[in-house]
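Structural overview for review
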Amino acid sequence: MSDKTSQRQRWLGVALAGAVLSAGCAGAQQPSADPVTAAVDSPVAAVEAADVDEGASAPETSADAAEAGGAPAARVTPDTTERARAEADRERRREAIVSAATRARRGDRASARTDLQQMLRDPEFGAYAAYNLGVIAAYEGQADQAQDYYRQALERDPGFGPAVVALVRGRLVEGDVAGAEQLVATQLRASNNAAGVRAAGLLVTLARERYEQVITDTRAIMTSQPENLDAHYALAMANLGLGRHELATYILQRGLGREAQRPDLYFGLARVALDRGQDQQARMYLTRALDVEPNHLEARVNLALLNLRARNFEEAARLLEGVTSLAPRYQEAWLALGNAYKGLQRFDEARQTFERAARLNDRYADPWFNLGLLYLDVDEFEGLDRIPRMERAIAMFTEFRNRAGGTVGADHPVHRHIADATQAIETQRELDARPTFTEPAAGGDGDGGEGDGGGGFDDFDFDFD
């Protein structure tokens, strides 16, 4: 069966999160745990020593103060007063972003959106405003608008890591690995290889399944940004890809120790549990990820897959319908939704859903396999008799095999399914070629008397499905 998402896709869950506001440059920031709110690392002082210009008047030295007979004291000049005012204004603008994001997290997204839109042109915090507007849009299911706001954030700050992560994640969900790779390359050039952009690039390397390269690149990033939780996630998933379950778990738990509300880290723990066959533990972690971020797409899909495995088709369909409304190009979600509809015996909807998944990407082979199973498994599907239905199944399986190319090994079930459908056609033709026996009417004078086939074949079932 092909009702599971690919291992590669299931490891691409990166949280949409509010940007962390701090005194540093925006390009070095990391997403916070919350899906909307912007967290604060630490208060910003009214005047920071690091912000003093070289031309500013220096404070009095101890010797100068001693000569004057008084204690050392900072000299108040017009320049320092102006800097204090500027920093106070900066703090006010920063707090406005924090306040808006906090209100959005608590449900007051309308007023938050208004305040953030007013700050889009802010020369320092405009990228934060645009990004958090994107998070609000994503939270409300407006995927295209969210993507537009993330792009606006990068126009204001090409090295703004959280926006790159969000855009990369969107492309990977759609199966557009090349597009995600191109985006990272563009932002690396524009940002002079900002660490936040390089961390987003780790997701592309994960999608390519180059796990050793992820580990090498992660170490380089964490040299300058040891607290980068996007890098933590990528490092854990690379180790999981290499079968190092304990190390992956350790890295993810270390990350949660730094930030307990990161949905992508809970999603990573769920992936480890799934890889170990621990479905109940995986369900617990997926539920925790969705508690933190209800619209975490990959967590929803994986929880739906667990429900499919448990034959809870109604709940699986509910989860997946929500995903496809939020991300209409998420091909793996459409594939899983088709399987949920098939389990609910909504066969026409299942066919339409598989066909939609196939249209999303010409190179996407899995929907054709599932269409083949639909024709193979469902008696008299679309009013087709047995032979044309089996022929349709073979056509779908053959299309899958052609599109999948070298990824179809000799032990892939598609070969067995084609053989089963071919045998069913041959059997049906043999049955159709047999003479038809009839019984004489009661009391009649027909040629076929009792014993000449009397009783017919009423006790036989020639449907071999």
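Here, the structure is the one placed above.
This text gives an overview of the structure that appears in the document. The model shown is predicted, which means the values in this text are computed figures rather than measured ones.

How each quantity is defined
- Residues numbered from 1 in each chain as written.
- Predicted model: local features only at pLDDT ≥ 70, side-chain atom pairs only at ≥ 80, totals over all residues.
- Heavy atoms only, no water.
- 1 Å grid on protein atoms, 1.4 Å probe; cavity = no way out; pocket = protein on both sides within 12 Å on 5 of 7 lines; lining within 4 Å.
- Points joined across faces, edges and corners; volume = space filled by probe spheres on them.
- Helix = DSSP H or I, 4+ residues; strand = E, 2+ residues; numbered from the N terminus.
- Nonpolar A, V, L, I, M, F, W, Y, C, P; charged D, E, K, R; others polar.
- Buried < 20%, exposed > 50% of the residue type's maximum accessible area, 1.4 Å probe, protein only.
- Contact = heavy atoms within 4.5 Å.
- Core = buried A, V, L, I, M, F, W, Y, C linked by side-chain atoms within 4.5 Å.
- Phe/Tyr/Trp six-rings, centres within 6.5 Å; stacked < 30°, edge-to-face > 60°.
- Expected span 1.5 Å × (residues − 1).
- Salt bridge = Lys/Arg side-chain N within 4 Å of Asp/Glu carboxyl O.

This part takes up the layout of surface pockets. When its volume is computed, the second largest pocket comes out at roughly 470 Å³. In terms of lining, the second largest pocket is formed by 24 residues, of which the most central are Ala143, Gln147, Gly170, Glu174 and Ala327. When contributions to the lining of the second largest pocket are tallied by element, the ones reaching two or more residues are α6 (143-156) and α7 (161-173). Classifying every residue of the lining of the second largest pocket by side-chain character gives 13 nonpolar, 5 polar and 6 charged.

In this section: the side chain of Arg351. Locating Arg351 in the fold gives a position in helix α18 (residues 347-360). The exposure class of Arg351 is buried, given its relative accessible area of 16%. Ignoring anything within four residues of it in the chain, the contact list for Arg351 reads Leu371, Leu374, Tyr375, Phe381 and Glu382.

Attention now goes to the nonpolar core. Formed by 130 residues in total, the largest nonpolar core has its most connected members in Tyr150 and Val168. Considering every element that reaches this core, the biggest residue donor is helix α5 (residues 126-139), with 10 residues.

Below, the discussion takes up the packing of aromatic side chains. Centre-to-centre distance and the angle between the planes together describe a pair of aromatic rings. In this structure the tally under the stated criterion is 8 aromatic pairs. By the ring-pair criterion, three or more aromatic residues cluster together here, those being Phe125, Tyr128, Tyr131, Tyr150 and Phe160.

The next thing to look at is helix α21 (residues 413-433). Between its first and last C-alpha, α21 extends 30 Å over 21 residues, near the 30 Å set by a 1.5 Å rise per residue. For α21, the elements touching its buried residues are α19 (366-377) and α20 (386-404).

This paragraph deals with the pattern of salt bridges. In total, this model carries 30 salt bridges according to the counting rule given. A salt bridge links Arg262 to Asp264, with the nearest nitrogen and oxygen atoms 2.7 Å apart. Accessibility expressed as a relative area gives 0% for Asp264, which makes it buried. Between Glu315 and Arg318 there is a salt bridge, with the nearest N and O atoms lying 2.6 Å from each other.

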